[in-house]
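Now for the letters of each chain:
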Amino acid sequence: MKSWSDRLNPVVRDIPPSGIRKFFDLVCETPGVISLGVGEPDFVTPWHIREACIYSLEKGHTMYTSNCGLPELRRAIAGDLAASYGVRYDPGTEILITVGVSEALDLAMRALLSPGDEVLMPEPSYVSYSPTVLMAGGRPVPIATGLEEGFKLAAARVEAAVTPRTKVLLLCYPNNPTGAVMDRQSLLDIAAVAEAHDLVVISDEIYDKLTYDGKHTCVSALPGMKERTILLNGFSKSYAMTGWRIGYACGNPDFIAAMTKIHQYTILCAPITAQKAALEAVTRGGEGMLRMVQQYNRRRHLVMHAFRDMGLPCFEPRGAFYAFPQISATGLTSEDFAADLLREEKVAVVPGNAFGPSGEGFVRCSYAASTEDLGEAFRRMARFVRRRGVR
Ligand code: PLP
């Protein structure tokens, strides 16, 4: 009998396991760890959202929904996008409710890519991007960004990376893992490159509501960009709803129909109970969300102080809930830093190379953790860094 490894689709076989999961497994095996590893709000979903879900169950809402998702949820999302960014989507044809942004990303790639099509993406990048592109038959083309440029993507670098096979530019601002955001002018410059080369832009804006210094720029709201942009967003981060698994894609009706075709044969629809909860979140969750954002912002300042005191250079995150300090002064690789810190001080962070080679020399620390945990984690980290001769 052939081994299972020989039977596997080689693309799937050869994709390495997520660098985040690897550390998360280690964390689970080690008692007493303070984890700054996973990118997940430490808040429980606000009560009124949970209550809306319970109420929907009491009323017997337990069936499939339309493949595209509950019409009232799509209408509410369209209303939110119009109010926040002035961008108008038809809830009947231009919005698809998915099982998290993860499913939306997978559908978009599968609907778009033919074998060998290239997808440009800034790096360091969210761990799922490259594997999702590879599994859809495409070729990820990372564009390295660095601390000196504030992890921003320069239009000239995008231009230089375009080839005749380039089909998609995948953006993620506010960014995971760096916390970088893009200003409007830089996005306009990138939009001009996308237009010049007729690229599709997939914009993952899952952290749009978690911005601290100024207003988020929605890529599809830029002049001329709605038609070529597939906007992805969801409820996991802004409303502390990671486990509910609700996201959405907005875009051209023909393209949304293509994504819906895959979705209707594979997923059918996102779970109705979670869609009911999402409806409550988008219609009445604004205040609770703002309170969480204020807390993240306070913690962001605490984190920046901590790294300054430790003597580790850290780009000041402007969105999301991650800090990405440079740890090269310790003389350790990012994997050794994360492994030794976990073993010696029981603090979990993610090595920067999990987000691509240009993340080497950095680690990602999530500040979606309580102030007490952050304080203790940074006391331990400071001790660890001092032992490596920094400061
Ligand atoms: N996109 C980015 C940039 C993320 O950081 C994450 C989760 O960490 C996701 C998408 C996945 O989101 P969802 O829970 O909606 O599938």
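Residues numbered from 1 in each chain as written. Predicted model: local features only at pLDDT ≥ 70, side-chain atom pairs only at ≥ 80, totals over all residues. Heavy atoms only, no water.

Describe the site of the ligand, listing the residues and the values that go with them.
Among the 13 residues in the neighbourhood of the ligand, the closest are listed as Ser 102, Asp 204, Ser 236, Lys 237 and Arg 245. Here Val 101 contributes a backbone N or O atom positioned 2.7 Å from an oxygen atom of the ligand. Within the side chain of Asn 176, an N or O atom sits 2.8 Å from an oxygen atom of the ligand. When the ligand sits alone it has 400 Å² of accessible area, and the protein chains cover 93% of it. Ranked by residues supplied to the shell around the ligand, first place goes to helix H6 (residues 100–112) with three residues. Its residues assigned to classes, the shell around the ligand comprises six nonpolar, four polar and three charged. (Near = heavy atom within 4 Å. Polar contact = N/O pair within 3.5 Å; in protein donor to acceptor, adjacent residues only side chain to side chain. Areas by Shrake-Rupley, 256 points an atom, 1.4 Å probe, with all protein chains shown as cover. Helix = DSSP H or I, 4+ residues; strand = E, 2+ residues; numbered from the N terminus. Nonpolar A, V, L, I, M, F, W, Y, C, P; charged D, E, K, R; others polar.)

Please give an account of the sheet that holds strand S5 (residues 166–171) that cites residues and values.
Reading across from one edge, S2-S8-S7-S6-S5-S3-S4 is the order of the seven strands in this open sheet, with mixed pairing throughout. Of all strands in the sheet, those with a lone pairing partner are strand S2 (95–98) and strand S4 (139–144), marking the two edges. Here the average twist between neighbouring strands, direction ignored, is 20°. Relative to strand S8 (residues 247–250), strand S7 (residues 229–234) runs antiparallel, the two sharing four bridges. For Leu 232, the partnering residue across the bridge sits in S8 and is Ala 249. (Pairing = 2+ DSSP bridges. Axes fitted to C-alpha atoms, helices over the stretch in contact; angles between N-to-C directions.)

Tell me about the domain arrangement of the protein chain, and name the residues and values.
We note that the domain assignment places domain 1 (4–45 + 287–387) and domain 2 (47–283) within the protein chain. On a C-alpha basis, the centres of domain 1 and domain 2 stand 24 Å from each other. Listed as interface residues are 35 residues of domain 1 and, on the opposing side, 37 residues of domain 2. Carbon and sulfur atoms make up 66% of the area that domain 1 and domain 2 hide from each other, which totals about 3,000 Å². The residue Asp 213 makes a salt bridge to Arg 300 at a minimum N-O spacing of 3.1 Å. At the boundary of domain 1 with domain 2, the tally comes to 17 residue pairs in polar contact (both at pLDDT 80 or more). Top contributing element to the side of domain 1 that touches domain 2 by residue count: helix H12 (residues 286–310), with six residues. Counted by class, the side of domain 1 that touches domain 2 contains 22 nonpolar, nine polar and four charged residues. (Domains from an automatic or database assignment. Contact = heavy atoms within 4.5 Å. Buried area = accessible area lost by both parts, 1.4 Å probe. Salt bridge = Lys/Arg side-chain N within 4 Å of Asp/Glu carboxyl O.)

Describe the packing of H12 against helix H14 (residues 371–387), naming the residues involved and giving the relevant values.
It is at 10 Å that the axes of H12 and H14 come closest, and there the two elements cross at 10°. Considering their axes alone, H12 and H14 lie roughly parallel with respect to each other. Two packed elements cross with a definite hand, and for H12 against H14 that hand is right-handed. Residues Arg 299, Leu 302, Val 303, Ala 306, Phe 307 and Met 310 of H12 form the contact with H14, whose participating residues are Thr 371, Leu 374, Phe 378, Met 381, Ala 382 and Val 385. (Parallel < 35°, antiparallel > 145°, perpendicular 65-115°, else oblique. Left-handed = near helix turned anticlockwise from the far one by under 90°.)

I'd like a rundown of the pattern of salt bridges, residues and numbers included.
Taken as a whole and judged by the stated rule, the model has 25 salt bridges. A salt bridge links Arg 388 to Glu 344; the shortest N-O distance between them is 2.7 Å. One end of the pair, Arg 388, is in the segment after H14; the other, Glu 344, is in helix H13 (residues 334–345), with 44 residues separating them in the sequence. Here Arg 388 falls in the partly exposed class, since its relative accessible area comes to 23%. (Buried < 20%, exposed > 50% of the residue type's maximum accessible area, 1.4 Å probe, protein only.)

Describe helix H10 (residues 253–266), listing the residues and the values that go with them.
Its 14 residues give H10 an end-to-end C-alpha distance of 20 Å, which sits within 8% of 20 Å, the value for a rise of 1.5 Å per residue. Here H10 has its buried residues at Phe 255, Ile 256, Met 259, Thr 260, Ile 262 and His 263. In a view along the axis of H10, the buried residues occupy a sector of 160°, so they form one face of it. Those residues of H10 that are exposed and angled more than 90 degrees off the buried face are Asp 254, Lys 261 and Tyr 265. Buried residues along H10 sit in contact with S2, H6, S7 and S8. Capping the start of H10, Asn 252 holds a side-chain oxygen 2.8 Å from the backbone nitrogen of Asp 254, two or three residues further along. Once H10 ends, the next one or two residues include Leu 268, with phi positive near 70°. (Expected span 1.5 Å × (residues − 1). Arc of directions from axis to C-beta.)

Got a sec to walk through the sheet that holds strand S12 (residues 363–366)? Specific residues and values, please.
Either a parallel or an antiparallel arrangement is found when strands of a sheet pair, and the pairing is made through backbone hydrogen bonds. Pairing is antiparallel across the open sheet formed by three strands, whose spatial order is S9-S12-S11. This sheet does not close on itself; its edge strands, each paired only once, are strand S9 (322–323) and strand S11 (350–351). One ladder, built from two bridges, connects S11 with S12; its direction is antiparallel. If you follow Pro 351 over to S12, its bridge partner there is Val 363.

A description of unusual backbone geometry should follow, citing residues and the corresponding values.
At the junction of Tyr 173 and Pro 174, the peptide bond is cis and its omega measures out at -5° in the coordinates. As for its position among the elements, Pro 174 is in the loop between S5 and helix H9 (184–196). Between Asn 176 and Pro 177 the backbone carries a cis peptide bond, its omega angle lying at 20°. Residue position: Pro 177 is located in the loop between S5 and H9. In this model, Phe 151 sits at a positive phi of 55°, which is unusual for a non-glycine residue. With respect to the secondary-structure elements, Phe 151 resides in the loop between S4 and helix H8 (155–161). When its relative accessible area of 2% is taken as the criterion, Phe 151 is described as buried. Its identity as a non-glycine residue notwithstanding, Ala 320 has a phi of 60°, on the positive side. Within the secondary structure, Ala 320 is located in the loop between H12 and S9.

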